[in-house]
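Here is what each chain is made of, one letter per residue.
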Amino acid sequence: MNPRLFAEHELRREIPLDDFWFASVPGRWEGRIPVPSCIETIPNLASYQGIAEYRCPVFASGNLLLTFHGVSFQADVSFDGKPLGSHYGAYGAFSFLIPNVSDGVKHEIRLTADNTFSERSALHVPQDYYSYLGITRPVTLYEVPDVYLEQVHFTPERVNGVWQARIDVVLANSAEAAKQVGLRVQVGEFLLDLGTQTANPGKTEISGILAAPDAHEYNPDDPYLYKMQAFLSENGVDTDDLIDRVGFREVKVEGDGIFMNGRRLKLHGFNRHEDYAEFGCAVPLQAMMRDIALFRDLGANCVRTCHYPNDQRFLDLCDEYGILIWEEGHSRGLSEEQMRNPNFMPQMSLTLSEMQSQHHNHPAIFVWALLNECATDTEYGRDCCAKLIQQIRDTDSSRPVTFACDKSGRDLCLGLVDIVSYNMYPLWYDKRTVAQYIADLETWINSAGGAGKPIIVSETGAGAIYGYRTETEDKWSEEYQVTALQEILENIFAEPSFTGVFLWQFADCRVHTSKFITRPKTINNKGVVDVYRRKKLAYKTVQALYTAQK
Ligand code: ADA
């Protein structure tokens, strides 16, 4: 299955893997299963937590690069019985290079996935969303030469009004000796010829500036994408390539505004979990496309990938339709005690570095985020937050950084970020009027290191159980949600210092009952559509308000 919406290679050979793997849940079930999918879709395993074992035959030879685009949430992989390695976290891709695989023999990949919560796991904990089990994103296998293209990053910038882009390439060389290779990068009609380079054993980083004087800009209302193709050659013959799609746009924070190509952004969109009643988190392309269509119908112009990096196919769709993305490293609601788990910093650092290295080129991503509602109100939490923000900025300084805060009056981290973001729930968890809530919030932000910065309402919302209708507008009724969202959004749009709002949430999502026992139907019901994407009454309310913002 293609992990992207376009071919990533025209030269490099992709070896099709069976899309229907053999799997077993020890003692409970065995059979064939589509890859990607969630084990929870198997009858009687809807709430199973434990391990699932997968295997897949492979007929291929040479140097094989095996890439899993997402396994939830602990993976151990072997090839022909020999361990290749492990990976933690459902939301990052990981690869293994298997050198010199012999020809004419049937080989076998085995993978064990585990979604058991334990001290080993600092980020996947019982949450207000579900940590599913299985190979939940595509898997690809490539035949690569000794020297191959591992990564090509495109960072556009306008210098004296003229477009150019910094190109950062990582080459991998699995041989023991250095090799001379030719390297060039084509972006539409623009070419950067990096000449002959030495690829040392291991990794080699090479950078250059691509001149693109008349580049067609990428803007939300004209999301113009270029095909970028990097080529490697040896002795004048092309040996490897890597394709991505890129856009010429700059994101800048100036005063209390966020600007894309000089135009001030006004954001109105949704938080969206990767979750769908029939598919769990392994949302098929057709269903992703349906979500995009609903976003467009609702008049939304942005999405927050709460609370983890998303499937690249969804990001590709956002790039194509000009839906701006707040992309977030995996973490939600962790207390200081949870952040003191010795695995927290390494796992957090991993989720951020995977997100930034794998998703760097998406033009629609306008901000990197981390640590939703974590212990950013303690000295220890602030120290972690500062280190992680430094990591994000060291990796990519072309986008601003934010985190979603909920600790008004005590948070210590507003001074660390470029954009202040706040999760606010008047008319749901808080008894103040919306206007009073906003006034109090702004006073505090100004006194807590956020003065003069852009402010985003990263969450706001109210619950409604699909089909629960009452004339008395009781909480949980669709009528209550209509009234609450109308009032909240009108107040937010009337507040000039807010750059935008991500409504909580687009669609209802499944939650872990062990922690969220107060959620009716074990679902977070604050969606404007339900888990099947059936529209609630508030759909039209939000649609009218969002459409009027254009
Ligand atoms: C929080 C949190 C979300 C969700 C929401 C809610 O702010 O960030 O993940 O739990 O509240 O529905 O209460």
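Residues numbered from 1 in each chain as written. Predicted model: local features only at pLDDT ≥ 70, side-chain atom pairs only at ≥ 80, totals over all residues. Heavy atoms only, no water.

Caption draft 1: Here's a closer look at the site of the ligand. Neighbouring the ligand are 13 residues, the closest being D128, E373, Y429, E459 and K526. A distance of 2.6 Å separates an oxygen atom of the ligand from a polar side-chain atom of E459. Coverage of the ligand by the protein amounts to 96% of the 320 Å² it exposes when considered alone. Classifying every residue of the shell around the ligand gives 3 nonpolar, 4 polar and 6 charged. (Near = heavy atom within 4 Å. Polar contact = N/O pair within 3.5 Å; in protein donor to acceptor, adjacent residues only side chain to side chain. Areas by Shrake-Rupley, 256 points an atom, 1.4 Å probe, with all protein chains shown as cover. Nonpolar A, V, L, I, M, F, W, Y, C, P; charged D, E, K, R; others polar.)

Caption draft 2: Representation of the pattern of salt bridges in the model. As enumerated under the stated definition, the model contains 37 salt bridges in all. The shortest N-O distance in the salt bridge between K387 and D383 comes to 2.9 Å. Of the two residues, K387 and D383 are both situated in helix α5 (residues 379-395); the distance of 4 residues between them amounts to about one turn of the helix. Across the salt bridge formed by D418 and R393, the nearest N and O atoms sit 3.2 Å from each other. (Salt bridge = Lys/Arg side-chain N within 4 Å of Asp/Glu carboxyl O. Helix = DSSP H or I, 4+ residues; strand = E, 2+ residues; numbered from the N terminus.)

Caption draft 3: Spotlight on empty space enclosed by the protein. Under the criterion given, the structure shown has 6 cavities of 30 Å³ or more. Space inside the largest cavity adds up to approximately 80 Å³. Around the largest cavity, the lining residues are Y88, G89, A90, Y91, G92, L123, P309, H330, Q347, L350, T351 and E354. No other element matches helix α4 (residues 344-359), which puts 4 residues into the lining of the largest cavity. (1 Å grid on protein atoms, 1.4 Å probe; cavity = no way out; pocket = protein on both sides within 12 Å on 5 of 7 lines; lining within 4 Å. Points joined across faces, edges and corners; volume = space filled by probe spheres on them.)

Caption draft 4: Representation of the layout of surface pockets within the structure. In this model, the largest pocket occupies a volume close to 980 Å³. Lining the largest pocket are 44 residues, and of these T67, S95, E150, Q151 and Q358 lie nearest its centre. Breaking the lining of the largest pocket down by element, the ones donating at least two residues are β5 (62-68), β9 (94-101), β12 (139-144), β13 (147-159), β14 (162-173), β17 (202-211), β21 (237-246) and α4. For the lining of the largest pocket, the element with the highest residue contribution is β13, accounting for 6 residues. Residue composition of the lining of the largest pocket, grouped by class: 16 nonpolar, 19 polar and 9 charged. Here the second largest pocket is characterised by a volume of approximately 540 Å³. As for the second largest pocket, its lining consists of 29 residues, of which T155, R166, T395, D396 and S397 are closest to the centre. Looking at the lining of the second largest pocket, the elements that each hand over two or more residues are β13, β14, β17, β22 (251-254), α4 and α5.

Caption draft 5: Focus on the sheet that holds β22. Across the sheet, 3 strands lie side by side as β22-β23-β24; this open sheet has antiparallel pairing. Sheet topology places β22 and β24 (263-264) at the edges, where each strand pairs with a single neighbour. (Pairing = 2+ DSSP bridges.)

Caption draft 6: Region of the structure containing unusual backbone geometry. Look at the link from V35 to P36: it is a cis peptide, with omega at 5°. Residue placement: P36 occurs in the loop between β3 (29-34) and β4 (51-58). Each neighbour pair has its own omega, and for W504 with Q505 the value is 0°, a cis peptide bond. Tracing the backbone shows Q505 in the loop between β32 (498-503) and β33 (509-510). The backbone of L427 sits at a positive phi, close to 65°, despite the residue not being glycine. Tracing the sequence through the fold places L427 in the loop between β30 (419-423) and α6 (434-447). With a phi angle near 50°, T522 is a residue other than glycine that sits in the positive phi range. Among the secondary structure elements, T522 is positioned in the loop between β33 and β34 (523-524).

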